[in-house]
Amino acid sequence: MGIIEAVGMGAMFYGATLARYVLFAGVPYWICWVWKKRQFQPRRIQGRTPDPVRLRGEIRYSLSTGLIIAITVLSVYYATQKGWTRIYFDISDYGASYFGFSVVLMLVLHDTYFYWTHRLLHRKGIFKYIHKTHHLSTDPSPWAAYAFHPVEAAIQVAILPIIAFTIPAHPAAIFIFITYNLGNNVLGHLGYELFPKSFIDHPVFKWHTTSTHHNMHHEKFNCNYSLYFRWWDLLTNTTHPDYAKRFREITNKQLVE
């Protein structure tokens, strides 16, 4: 791959990353924070007045994160072209069952990776230099989904090459994984709880995080570190003791007609 081709591919990946970010963050923001704000207000988790300066900061940092994502994707693409990764292109090589399993495996691996790197970033001496950037949003909006310090952005996007070099993964499975990741990330920073009140008591769904779960992390800082699933928080006793109560209080409120 020549320099001109690399720059072109990098620009394409960056454009695609920003387009996905604007779509996934912009649409929920417009619906909940602007267009249907009055109707969704009862489900507002913290209810603070949005800070325009903070919103611009979230978008600014997300733009730099998008660049780091694009560079990482370009690097994985190059490594795959050279045959260095375990990415494969024919689903029949491993079968449809493995294809579905690989998506679940990516989520579980990422969930574990995120939890422990997240805990590390909260350690004294590291937090104020790196992770504090993300926590400037104590009541985040969907635009905070990618609002990371460049070092944290590099740490978090590193899950992509980790997956590419360690497990057989089809590009479509990776696409499903990263799409789920972005959707869940936006939901965690939405600022509104959209799940029904029965969600937290469901035998399966109760293990998944919610908007309230991650919003409380931004509000309290020292709890609810999980990304997709609540397992690690429960195993390490880092779930906020009032999480279930807070979720029920919010979801007991009805949306305004």
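Attention here is on the structure that accompanies the text.

Rules of the game
- Residues numbered from 1 in each chain as written.
- Predicted model: local features only at pLDDT ≥ 70, side-chain atom pairs only at ≥ 80, totals over all residues.
- Heavy atoms only, no water.
- Salt bridge = Lys/Arg side-chain N within 4 Å of Asp/Glu carboxyl O.
- Helix = DSSP H or I, 4+ residues; strand = E, 2+ residues; numbered from the N terminus.
- Buried < 20%, exposed > 50% of the residue type's maximum accessible area, 1.4 Å probe, protein only.
- Contact = heavy atoms within 4.5 Å.
- Polar contact = N/O pair within 3.5 Å; in protein donor to acceptor, adjacent residues only side chain to side chain.
- Phe/Tyr/Trp six-rings, centres within 6.5 Å; stacked < 30°, edge-to-face > 60°.

Moving on to the pattern of salt bridges. Scanning the entire structure with this criterion turns up three salt bridges. For arginine 44, the salt bridge goes to aspartate 139, with nearest N and O atoms at 3.2 Å. Of the two residues, arginine 44 sits in the loop between helix H2 (37-40) and helix H3 (52-81) while aspartate 139 sits in the loop between helix H5 (132-135) and helix H6 (150-157), which places them 95 residues apart along the sequence. Under the relative-accessibility criterion, aspartate 139 is labelled buried at 14%. With a closest N to O distance of 3.0 Å, glutamate 219 and arginine 246 form a salt bridge. Pair noted here: glutamate 219 is in helix H9 (residues 211-220) and arginine 246 is in helix H11 (residues 243-251), with a separation of 27 residues, a long-range link. Overall, the relative accessible area of 26% leaves glutamate 219 in the partly exposed class.

Once that is clear, we can look at the environment of histidine 214. Relative to the elements of secondary structure, histidine 214 occurs in helix H9. C-alpha of histidine 214 to C-alpha of serine 226: the two residues are twelve residues apart in sequence and 7.9 Å apart in space. Not counting residues up to four positions away in its chain, the partners in contact with histidine 214 are His134, Gly188, His189 and Ser226.

Turning to the environment of asparagine 185, a few remarks are in order. Inspection of the secondary structure assignment puts asparagine 185 in helix H8 (residues 171-188). Given the relative accessible area of 10%, asparagine 185 is considered buried. For the pair formed by asparagine 185 and proline 142, sequence separation is 43 residues and the distance between their alpha carbons is 8.2 Å. Ignoring sequence-local partners within four residues, the contact set of asparagine 185 consists of Ala145, Tyr146 and Phe148.

Another aspect to go through is the side chain of serine 141. Its location among the elements puts serine 141 in the loop between H5 and H6. At a separation of 2.5 Å, a polar atom in the side chain of serine 141 contacts the side chain of glutamate 58. Residue contacts for serine 141: discarding those within four places in its chain leaves Tyr29, Trp33, Leu55, Glu58 and His189.

This next bit is on the packing of aromatic side chains. Going through the model one piece at a time under the given rule, you end up with 22 aromatic pairs. Relative to tyrosine 98, the ring of tyrosine 94 lies with its centre 5.2 Å away and its plane at 35 degrees, an arrangement referred to as tilted. We classify tyrosine 94 as partly exposed; its relative accessible area is 41%. Looking at tyrosine 98, the relative accessible area reads 16%, which means it is buried.

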